Amino acid sequence: MKKQLSFLLIILTWQISAQTFRNYSNEFLNIGVDAASLGKSKSVVATSNDVNATYWNPAGLMNLEDYEGSLMHASYFAGIATYNFAALALPINDESALGISIIRFGVDDILNTTELIDNQGNINFNNISLFSAADYAFNLSYARKLIHKNINIGFNAKVIRRVIGNFASSWGFGFDAGIQFERKDWKFGLMARDITTTYNTWSFDEEEFNKIKNSIPGQNQQLPDANEITKPKIQLGVAKKFRVGRDFHLLTEVDLNMRFAQTNDLISTSIVSIDPTIGFELDYTDLVYLRAGVGNIQNTTQFNGDKSLSVQPNFGVGFKYNGIEIDYALTNIGSVGNALYSNIFSVKIDYKFFRN
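No experiment lies behind these values; they were computed from the predicted model shown.

Chemist: Honestly, the overall build of the protein chain in this entry has me stumped. Any pointers?
Modeler: Tallying secondary structure elements over the protein chain gives four helices and 18 strands in all. For the protein chain, restricting intrachain contacts to residue pairs at least 6 apart in sequence, the fraction spanning at least 24 positions comes to 57%.

Chemist: I would appreciate a short explanation of the packing of aromatic side chains in the present structure.
Modeler: Where two aromatic rings form a pair, the distance of their centres and the angle of their planes describe that pair. The final tally for this structure, using the stated rule, is eight aromatic pairs. Relative to Y284, the ring of F248 has its centre 5.2 Å away and its plane inclined at 50 degrees; by these criteria the two rings are tilted. Of this pair, F248 sits in strand β12 (residues 248-259) while Y284 sits in strand β14 (residues 273-284), and the two are 36 residues apart along the sequence. On the basis of relative accessibility, which here comes to 35%, the residue F248 falls in the partly exposed class.

Chemist: Sorry, what's going on with the nonpolar core here?
Modeler: Looking at soluble globular proteins, one finds that nonpolar side chains tend to be buried together. Core analysis: the largest hydrophobic core is formed by 38 residues, its most contacted members being F28, V33, M72, Y76, Y83, I103 and I344. Within the residue set of this core, elements represented by two or more residues are α2 (35-39), α3 (53-56), β2 (68-76), β3 (81-93), β4 (96-112), β5 (129-145) and β6 (151-164). Residues within four places of V33 in sequence aside, it is in contact with L38, Y55, W56, M72, Y83, F85 and I103.

Chemist: Explanation requested: the pairing of β4 in the structure shown.
Modeler: Within a regular strand, the side chains alternate between the two sheet faces. Judged from the twelve bridges that link them, β3 and β4 form a sheet pairing that is antiparallel. Bridge pairing in β4 links T82 to G106. Note: β4 against β5, 15 bridges, orientation antiparallel. Within β5, the position partnered with R104 by the bridge is Y136.

Chemist: Honestly, the pattern of salt bridges in this entry has me stumped. Any pointers?
Modeler: Where charged atoms from two side chains of opposite charge approach closely, those side chains can pair. Inspection of the entire model under this criterion finds 17 salt bridges. The partner of R291 in a salt bridge is D327, and the shortest N-O contact between them spans 2.9 Å. With a gap of 36 residues between them, R291 in strand β15 (residues 288-301) and D327 in strand β17 (residues 324-331) connect regions that are remote in the sequence. Neither R291 nor D327 differs from the other in exposure class; each is buried.

Chemist: Can you help me understand the environment of E207 in this one?
Modeler: Considering the arrangement of structural elements, one finds E207 in helix α4 (residues 206-215). Classification of E207 as exposed rests on a relative accessible area of 57%. In this structure, the C-alpha to C-alpha distance between E207 and N166, residues 41 residues apart in sequence, is 10.0 Å.

What counts, and at which threshold
- Residues numbered from 1 in each chain as written.
- Predicted model: local features only at pLDDT ≥ 70, side-chain atom pairs only at ≥ 80, totals over all residues.
- Heavy atoms only, no water.
- Helix = DSSP H or I, 4+ residues; strand = E, 2+ residues; numbered from the N terminus.
- Contact = heavy atoms within 4.5 Å.
- Phe/Tyr/Trp six-rings, centres within 6.5 Å; stacked < 30°, edge-to-face > 60°.
- Buried < 20%, exposed > 50% of the residue type's maximum accessible area, 1.4 Å probe, protein only.
- Core = buried A, V, L, I, M, F, W, Y, C linked by side-chain atoms within 4.5 Å.
- Pairing = 2+ DSSP bridges.
- Salt bridge = Lys/Arg side-chain N within 4 Å of Asp/Glu carboxyl O.

Geometric values such as these leave the question of function open.
Right, dumping it as structure tokens:
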């Protein structure tokens, strides 16, 4: 069973990237970063205004006053996979800002049992080795203020590296663009990912591939297409902040996540599919935060053919003091689909509080 599972993981990972144009490509880049943002179900494209804007909307980097750093760690699938994020950003001058970030999503210590059975049919456990399947993304972000003082734009240049042990690896390149606009108490944001399409090129170790193919009797696996192109995606958001009493504020944002393909999203057509999300953040004197959100609204089909609508609720809390913010999010509380809930932790440091 372990042998078959190891083979299945490798083969499925290859098949995810097998076609040139796919509706779901480089999906690890759609998971999201920052526990504060994930607690609001990713409804932040209009309001992201710190170092984490390197991911959500680089235009938000124009709100930086000094150096900021961010770290995040999350585990998925009952701890089988880990997701880590690190970012650093700084203002260049009053008109521009710069940021860099790195993402790693990986499954480590996978059993490689391709040589478990030798040529004589004997089982030799000493031939078992371990490997990792990991995805990396390196982002360079740049933001600039337009002539109109309330409009900021930003761009990401990203390099993607995906590795499946010694079996396969790829390099990819792409660009994102974002804009934020503020009008009185309203904030608007637009983030276009993979605006030029993101192009991944895979290379395969045919010797290792043949070991997999020959170790499963009756299998006729073929090397998949080496080229993979990620379609553009758009996230549109609108937000407003309300005062609640003397010491409380409520920030609300509604986002529309659009893919140019037919999916199981709430609104689905042959041209575009839209997944709406909504997030809330209640703060006490900008010190303690309580967050909640709803997203991933999907039309699902049961095994018996019945149709249903699934909704993913998220929850989060945060605390900020003297430039250090610690956040926690509990996502997928209702265990929507096959994924278990995930605990996400992140920390953000604003250097301006340490200059004095």
